Amino acid sequence: MMSSKRIFALLLAVVLCVCVFCGCAQKEPAKEQQGVTEEKKEEKTEVVKTSKPDASVEGNDAIITVAIDGEPPHLNLAQSLDFYAVWVTKNINDFLVVYDTDMNVQLSMAKKLDRIDDTTYEFEIYPGIKFHNGREVKAEDIKYSLEYVINPDNASASAAYMSCLDNVEVTGDYTGEIHLKEPYSSFLNKLTMIPIIPEEAAADLTNNPVGCGPYKLKAWNRDQDIQLVKFDDYWKEGYPKNGGVTFKIIKEYNTIHNSFIAKELDIIMWSSFADIATWDKMDGVYAQGNELFDSFLLCYNADVEPFDNPLVRKAIALALNKQELIDLSSMGYGKVLDQPVYPGTYYYNEKASYTQDIEGTKKLLAEAGYPDGFSCELIVPNTVQESACGDIIQAQLKEIGIECNLEKMDVGVFIDSVWGNKNFEMCVTGDGSDGDPDTWLRRWIISTAENNFGYSNPELDALVAEGAAAATEEERKAAYDKAFEIVTDEQPLTYLFGGYLYSALQDNVTGLTMYANWWADFDGIVKAE
């Protein structure tokens, strides 16, 4: 599931999402969400905020051919949030609520979703929605789908985000109540990740997904393609605007590039940064820039010396020139990060920000007992950007006496080493978010996080829980401000940079909708014949 450019996709498989972003980022607390009672550089392709074409826009039965450079591990969105899986399965499924391109939560299958009290939501779904097997979706399916995620037997990647869920009570054919164990301020955001699935098809969702989205699975030819076709009984009038989507699995980027130029492909989902200028100059094609909430990460195994020492981890963070990482690994396309949210957004804590400080690094290393530095292992997946980041970090740390033995691994081997065996000292990887501070804190940093590598701080855990249960944005920010200061001081992992995904499209193809959490809609794409 690794990209030849990044590995974020992979990570969400092991983690989660989703969900995320920047120019789309919310700069102040969200106002009431609709339907829910609750500097660009001139030489670069413009970054756009996409929007789905209106239902009245006429479509046709053209098949859209999309190149992806990795294959999903499986197609059960309730279990895996790998980005390649998400690009395919979001369009097979539908949800009670979804994000719009401003990353505000909007109603989808839910006709109504009201917060009754701190731990109770009352919902009503539209009648007449059908699964791909022809059966109508009922409130019982909402209950099954949400409770499926928290059932440990199902090993859902979204389970950590639904740990607040107690049960779902069905009150009618299309109505019910969602009961939480405790207040969770991010509940609606995380509900955007839970697909509504039929119980009778759950046993084989990994290979034969059945949802109620705009497309149904036609065929999955391993290592070749995944074919989706239009679901004629899709409940949203006017969609999809094409006859289906075929995801071509092409793991060599040069092959993708050449096939796109030969017009054998309609869309490259993940274009190389090196190609952006090419697309801008070439007739008949264009590049679509999308701002994201994502980050490359430098992760430490805190169960291994000397990375069990927060002074060492902070020294490394202060030694890094993150802008140089962006310039050399990503041709300048990126934004420096240092916290679990993006600079300029509401929850960003200016007091917790930091910049490169070599003298501070030397002082911390001496205090930790390593005045002359030390030797260690650094592993990276052998992809274009992670590989480059490994080279750059190795060189930067050598300047302060840390000798990194760099190993570039096949993606599968890397996954096994990091998540399977936790057999590493430092590694470079990446992840996406939805811009909500709870997402990266809960996914990577708290003691019970799926991607926690030995770090633990009860005070930080308590602050994350306080933020999650807060009744107001101001209370949430106060808790997260303190949490981010601990993250900066102890560096359970180091946020490096993130920011953009560029897609390439043929001129006659419009309507690709990207979200800042890496999710994408294909049902609004129109291909002019």
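As the structure is a computational prediction, the values presented were derived from the model and not from experiment.

Bringing the overall build of the chain into the picture now. Looking only at helices and strands, one finds 14 helices and 24 strands in the chain. For 529 residues, the compact-globule estimate of 2.2 N^0.38 gives 24 Å, and the C-alpha radius of gyration of the chain, at 23 Å, lies within 12% of that figure. Each of the 529 residues in the chain was classed as buried or not, and the buried ones make up 60%. Summed over its atoms, the accessible surface of the chain is roughly 19600 Å², and 45% of this surface lies on carbon and sulfur atoms. Separation between the mean location of the 45 positive side-chain charges and that of the 86 negative ones in the chain comes to 3 Å.

The next thing to look at is the sheet that holds strand S18 (residues 493-495). Working definition: the strands of a sheet are paired by backbone hydrogen bonds and lie parallel or antiparallel to each other. On the basis of which strands lie adjacent, the open sheet formed by five strands has the order S16-S15-S17-S13-S18 and mixed pairing. The open sheet terminates on both sides in strands that have one partner only, identified here as strand S16 (402-409) and S18. Across the sheet, the axes of successive neighbouring strands diverge by a mean angle of 30 degrees, strand direction being ignored. Against the sheet, helix H10 (residues 384-398) engages strand S13 (294-300), strand S15 (374-381), S16 and strand S17 (426-432), with an angle of about 170 degrees to S16.

Leu146, Ile178, Phe187, Leu191 and Trp444 are the most contacted members of the largest nonpolar core, which totals 85 residues. Ile316, Leu397, Ile402 and Cys404 belong to the second-largest nonpolar core, a separate cluster that totals 33 residues.

Read across the open sheet, the seven strands follow the order S8-S9-S10-S1-S11-S20-S12; overall the sheet is mixed. The sheet is open, and its two edges are formed by strand S8 (215-221) and strand S12 (285-291), each paired on a single side. With seven bridges joining them, S12 and strand S20 (residues 500-506) adopt antiparallel strand pairing. Following the sheet pairing, Gln288 is matched in S20 by Ser503.

This part is about unusual backbone geometry. Of the consecutive residues Tyr239 and Pro240, the connecting peptide bond is found in the cis state with omega at -10 degrees. Relative to the elements of secondary structure, Pro240 occurs in the loop between strand S9 (225-230) and strand S10 (244-249). Between Glu305 and the following residue, Pro306, the backbone shows a cis peptide bond with an omega angle of 0 degrees. The residue Pro306 is located in the loop between S13 and helix H7 (310-319) in this model. A positive phi angle, close to 50 degrees, is found at Lys422, a residue other than glycine. In this model, Gln491 sits at a positive phi of 45 degrees, which is unusual for a non-glycine residue.

What follows deals with helix H14 (residues 473-490). An ideal rise of 1.5 Å per residue puts 26 Å on 18 residues; H14 measures up with 25 Å between its terminal C-alpha atoms. For H14, the full list of buried residues reads Arg476, Lys477, Ala479, Tyr480, Asp481, Ala483, Phe484, Ile486, Val487 and Thr488. Residues of H14 that are buried make contact with H7, helix H12 (437-445) and helix H13 (458-469).

Turning next to the pattern of salt bridges. If the charged atoms of two oppositely charged side chains come close together, the side chains can form a pair. In the structure shown here, the tally under the stated rule is 18 salt bridges. Linking Asp436 and Lys190 is a salt bridge whose minimum nitrogen-to-oxygen distance equals 4.0 Å. Note that Asp436 is positioned in the loop between S17 and H12 and Lys190 in helix H4 (residues 187-191), a separation of 246 residues in sequence. Accessibility assignment for this pair places Asp436 and Lys190 in one class, buried. Across the pair Asp223 and Lys251 runs a salt bridge, and its minimum N-O distance is 3.5 Å.

Glancing now at the confidence of the model for the chain. Overall, the prediction assigns the chain a mean pLDDT of 89, with 90% of residues at 70 or greater. Confidence over residues 1-43 falls short of pLDDT 50; this stretch has 184 contacts with residues more than four positions distant or in other chains.

With the rule as written, the count across this model stands at 30 aromatic pairs. Taken together, a centroid distance of 5.1 Å and an interplanar angle of 35 degrees make the contact between Tyr121 and Phe187 tilted. Placement of Tyr121 in strand S5 (residues 120-125) and of Phe187 in helix H4 is noted, with a sequence separation of 66 residues between them. Here Tyr121 and Phe187 have matching classes, each one buried. It is Arg222 that lies over the ring of Trp220; its NZ or CZ is 3.5 Å from the centre. Lys477 extends its terminal NZ or CZ atom over the ring of Tyr346, reaching a point 5.8 Å from the ring centre.

Bringing the pairing of strand S4 (residues 110-117) into the picture now. As paired elements, S4 and S5 share six bridges and run antiparallel to each other. Looking at S5, one finds that Lys112 is bridged to Glu124. Counted between consecutive antiparallel strands, the loop separating S4 from S5 contains two residues.

H13 packs onto H12 with a crossing angle of 145 degrees between their chain directions and a minimal axis gap of 11 Å. In this structure, H12 meets H13 at a crossing whose hand is left-handed. Across the interface between the two elements, Asp438, Leu441, Arg442 and Ile445 of H12 pack against Leu460, Val464 and Ala468 of H13. In terms of residue class, the contact of H12 with H13 is made up of five nonpolar, no polar and two charged.

All right, on to the side chain of Asn189 then. As for its position among the elements, Asn189 is in helix H4. Beyond its immediate chain neighbours, meaning those up to four positions away, Asn189 contacts Tyr99, Val105, Asp434 and Asp436.

For the rest of this paragraph, the subject is the packing of H7 against helix H9 (residues 358-367). At a minimum axis distance of 8 Å, the contact between H7 and H9 shows a crossing angle of 165 degrees. If you check the angle between H7 and H9, you find them roughly antiparallel. As H7 packs across H9, the resulting crossing turns out to be left-handed. Contacts from Leu311, Lys314, Ala315, Leu318 and Ala319 of H7 reach H9 at Ile358, Gly360, Thr361, Leu364, Leu365 and Glu367. Residue composition of the contact of H7 with H9, grouped by class: seven nonpolar, two polar and two charged.

With that settled, consider the environment of Arg313. Examined against the element boundaries, Arg313 turns out to sit in helix H7. Expressed as a C-alpha distance, the spacing of Arg313 and Pro492, which sit 179 residues apart in the sequence, is 7.5 Å.

Calculation criteria
- Residues numbered from 1 in each chain as written.
- Predicted model: local features only at pLDDT ≥ 70, side-chain atom pairs only at ≥ 80, totals over all residues.
- Heavy atoms only, no water.
- Helix = DSSP H or I, 4+ residues; strand = E, 2+ residues; numbered from the N terminus.
- Rg over C-alpha atoms; globule rule 2.2 N^0.38 Å.
- Buried < 20%, exposed > 50% of the residue type's maximum accessible area, 1.4 Å probe, protein only.
- Areas by Shrake-Rupley, 256 points an atom, 1.4 Å probe, with all protein chains shown as cover.
- Lys, Arg positive; Asp, Glu negative; His and termini not counted.
- Charge placed at Lys NZ, Arg CZ, Asp CG, Glu CD.
- Pairing = 2+ DSSP bridges.
- Axes fitted to C-alpha atoms, helices over the stretch in contact; angles between N-to-C directions.
- Contact = heavy atoms within 4.5 Å.
- Core = buried A, V, L, I, M, F, W, Y, C linked by side-chain atoms within 4.5 Å.
- Expected span 1.5 Å × (residues − 1).
- Salt bridge = Lys/Arg side-chain N within 4 Å of Asp/Glu carboxyl O.
- pLDDT = per-residue confidence, 0-100.
- Phe/Tyr/Trp six-rings, centres within 6.5 Å; stacked < 30°, edge-to-face > 60°.
- Lys NZ or Arg CZ within 6 Å of the ring centre and 35° of its normal.
- Left-handed = near helix turned anticlockwise from the far one by under 90°.
- Nonpolar A, V, L, I, M, F, W, Y, C, P; charged D, E, K, R; others polar.
- Parallel < 35°, antiparallel > 145°, perpendicular 65-115°, else oblique.

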